[in-house]
Amino acid sequence: MSGDLAYEEALAIVLREARALAVEQRAPQDAQGLVLAEAVASEVDLPPFDNSAMDGFALRAAGETLAAGREFDVRGSQVAGDAAATAGEGAWEIMTGARMPDGLDSVVPIERVEILARTGEARPSRIRLAADVRPGDNVRLRGEDIASGAPAVPAGRRIGANELMVLASLGVPSIAVRRRVRVAIINTGRELVDDPAQPLASGEIRNSNGPYLAARVEAAGAEVVLRETVTDEPEVFLAVLERALAAGADVVLSTGAVSMGRHDFVPDALRGVGADILFHKVRIRPGRPLLFARLASGALFFGLPGNPASGAVGFRFFTEAALRAMSGMAPERPLRMPLAAAWSKRAELRFHLKGLVELVDGGLRARVLKGQESFKVLPLLVANAWIVVPAESMALEAGQMVDVYGPGHLEAPMIGEVLE
Ligand SMILES: Nc1nc2c(c(=O)[nH]1)N[C@H]1C(S)=C(S)[C@@H](COP(=O)(O)OP(=O)(O)OC[C@H]3O[C@@H](n4cnc5c(N)ncnc54)[C@H](O)[C@@H]3O)O[C@H]1N2
Ligand code: MOO
């Protein structure tokens, strides 16, 4: 298939091809950064028993307010960790998190009582209420947070600290997650030099896409299984591609050699090994020569253009969509915010612009940065977001709402000082 595709058509092809990976069982603490494949419903009540929210005294209100001034004998004591106890009349000394003695239903904090008498060991034995106590005050009810049988963590959720808090609270020993996506990176170009200590010969440049993409793959929750730089010879490229697949790559990224030049060998080399080229060239800027294929092995192949911003956009808006789908996450949704200044374009392409989300007078706004040319890397140091302008929008006014994406699909724009 050839011809320039609209972004939406190209993305639909990527999502169609990106199938969710195998599911494995893991202990939650070994699943950080992985995506839950099956929802976890709670098998228990949380809290597991009624307990006190305060250090103080448990009382029996039985539906009536206990008025300030009332006095009670203290009949027992409950500390966190104590098993069920049965209370009769009177008050029980109780600590935060301690199980409510059966028969008592309200707690008065220690600072709202007067201690009238103490035992020999200085334990309070008689108290007077310094304030009214309403029924249920300061008691955390069994199942009030999560009831047994209720949904707890939904499928598609990436396991982070918050998810671990809930899973640990429920005592879930094992969860079903999708394995991490394995990605190989092949940078093509005889001009590329990887070793920063090696002086550049005439015409050579540093390989910047390699380290960038490796970092982006990790930040996207996937794993780099191979990274190599090759010259413009198809045989060399195909040998590395073999190694990438042998390393278990689910996704292979290449950079460079996908445009119109005589040395742009990637499409033909792929065809030669039976790859199905699903699209080549998308109506976007930068990154128009993007190529997407399914290899004979079943692995997905993204031929990212060589210019740094072009490859970055191909990865951010197409590869990351595939990584999400393969790990079982729902498609990403953009933020919406007003544009800081008017901006216009000449080409009817969808633009993905290096942008800066700023906090101005307590509100967010998106600024298109200077230096949008696809060879420029310095603006990436200022950028904290990608601003999207659809193909058909030619001129945008200040204040017009635009779609904004974070630097990576798991990263929201970090709002800092305005640097411009
Ligand atoms: N006649 C045409 N020429 C070009 C077209 C076109 O439509 N017709 N498209 C342009 C666009 S748009 C882009 S984007 C680039 C894409 O080119 P390739 O993907 O074939 O990449 P290369 O030609 O190999 O390299 C482009 C550029 O990027 C530099 N580069 C490559 N790899 C790296 C790397 N790993 N680290 C840093 N820089 C890299 C390379 O030296 C070139 O300057 O094609 C346009 N041309
Ligand atoms: O689209 Mo190319 O990516 O403009 O430089």
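Just so we're clear, the structure is a prediction, and the values are computed from it rather than from any experiment.

Turning our attention to the site of ligand 1. Neighbouring residues of ligand 1: 26 residues in total, closest N209, G256, S259, P305 and G306. Within the residue set of the shell around ligand 1, elements represented by two or more residues are α3 (209–219) and α6 (308–326). Split by residue class, the shell around ligand 1 holds nine nonpolar, 14 polar and three charged.

Picture the strands of a sheet paired through backbone hydrogen bonds; they go either parallel or antiparallel. Pairing within the open sheet is antiparallel, and its three strands lie in the order β1-β13-β2. Here the strands that pair on one side only, and so sit at the sheet edges, are β1 (23–26) and β2 (35–36). Here four bridges tie β1 to strand β13 (residues 175–178), and the two strands are oriented antiparallel to one another. Bridge pairing links V23 to R178 in β13.

In this section: the site of ligand 2. Near ligand 2 you find R285, P286, G287, R288, P305, N307, S310 and S374, and these make up its full shell. By residue class, the composition of the shell around ligand 2 is two nonpolar, four polar and two charged.

Here V404 is to be found in strand β29 (residues 401–405). V404 sits in the buried class, given 23 other C-beta atoms within 10 Å. Placed 66 residues apart in sequence, V404 and P338 show a C-alpha to C-alpha distance of 9.6 Å. Beyond its immediate chain neighbours, meaning those up to four positions away, V404 contacts P334, L335, M337, G355, V357, A366, A385, I387 and P413.

A few words on the environment of V113. Tracing the backbone shows V113 in strand β9 (residues 113–118). Among the residues examined, V113 registers 24 C-beta atoms within 10 Å and is labelled buried. Taking the C-alpha atoms as reference points, V113 and F57, separated by 56 residues in sequence, lie 8.7 Å from one another. Once residues lying within four places of it in the same chain are set aside, the contact partners of V113 are F57, V108, I127, R128, L129 and A130.

For soluble globular proteins, nonpolar side chains are generally found buried alongside one another. If you look at the biggest cluster of nonpolar residues, it comprises 73 residues, and the most contacted ones within it are V183, V251, V252, L253 and I387. Looking at which element gives the most residues to this core, the answer is α6, with ten residues. In contact with V252, other than residues within four places in its own chain, are A184, I186, L241, A244, A299 and F301. Residues M54, V74, V107 and V133 belong to the second largest nonpolar core, which totals 20 residues.

Attention now goes to the packing of α3 against α6. In the contact formed by α3 and α6, the axes pass within 11 Å of each other and the chain directions differ by 20 degrees. Considered as vectors, α3 and α6 are oriented roughly parallel to each other. Note that α3 runs across α6; the crossing there is right-handed. Within the contact between the two elements, α3 uses N209, Y212, L213 and R216 and α6 uses P308, G311, A312 and F315. Here the contact of α3 with α6 is built from residues that sort into five nonpolar, two polar and one charged.

All right, on to the UniProt feature "domain: MoaB/Mog" (unreviewed entry) in the protein chain then. UniProt's entry tags residues 184–325 with the feature "domain: MoaB/Mog" (unreviewed entry), counted in the numbering of this structure. With 35% helix and 27% strand, residues 184–325 has end C-alpha atoms that lie 18 Å from one another.

Read across the open sheet, the six strands follow the order β8-β5-β7-β6-β10-β9; overall the sheet is mixed. A strand with exactly one partner marks an edge of an open sheet, and here the two such strands are β8 (106–109) and β9. On average, adjacent strands in this sheet sit at an angle of 35 degrees to one another, irrespective of strand direction. For strand β6 (residues 71–78) and strand β7 (residues 91–94), the ladder comprises four bridges, and the chain directions are parallel. Following the sheet pairing, S77 is matched in β7 by E93.

All right, on to the pairing of β6 then. Two faces belong to every sheet, and in a regular strand the side chains alternate between them. Bridge count for β6 against strand β10 (residues 124–129) is three bridges, and the pairing is antiparallel. When the sheet's bridge partners are listed, D73 is paired in β10 with R126.

The domain boundaries assigned to the protein chain delineate domain 1 (7–21 + 179–326), domain 2 (25–45 + 157–178), domain 3 (51–140) and domain 4 (335–405). Once you take the C-alpha centre of each, domain 2 and domain 4 turn out to be 37 Å apart.

Scoring rules and cut-offs
Residues numbered from 1 in each chain as written. Chains lettered and ligands numbered in written order. Predicted model: local features only at pLDDT ≥ 70, side-chain atom pairs only at ≥ 80, totals over all residues. Near = placed C-beta within 6 Å. Helix = DSSP H or I, 4+ residues; strand = E, 2+ residues; numbered from the N terminus. Nonpolar A, V, L, I, M, F, W, Y, C, P; charged D, E, K, R; others polar. Pairing = 2+ DSSP bridges. Buried ≥ 20, exposed ≤ 12 C-beta atoms within 10 Å, placed from the backbone. Contact = placed C-beta atoms within 7 Å. Core = buried A, V, L, I, M, F, W, Y, C linked by C-beta atoms within 7 Å. Axes fitted to C-alpha atoms, helices over the stretch in contact; angles between N-to-C directions. Parallel < 35°, antiparallel > 145°, perpendicular 65-115°, else oblique. Left-handed = near helix turned anticlockwise from the far one by under 90°. UniProt positions renumbered as here; feature names shortened; annotations may be inferred. Domains from an automatic or database assignment.

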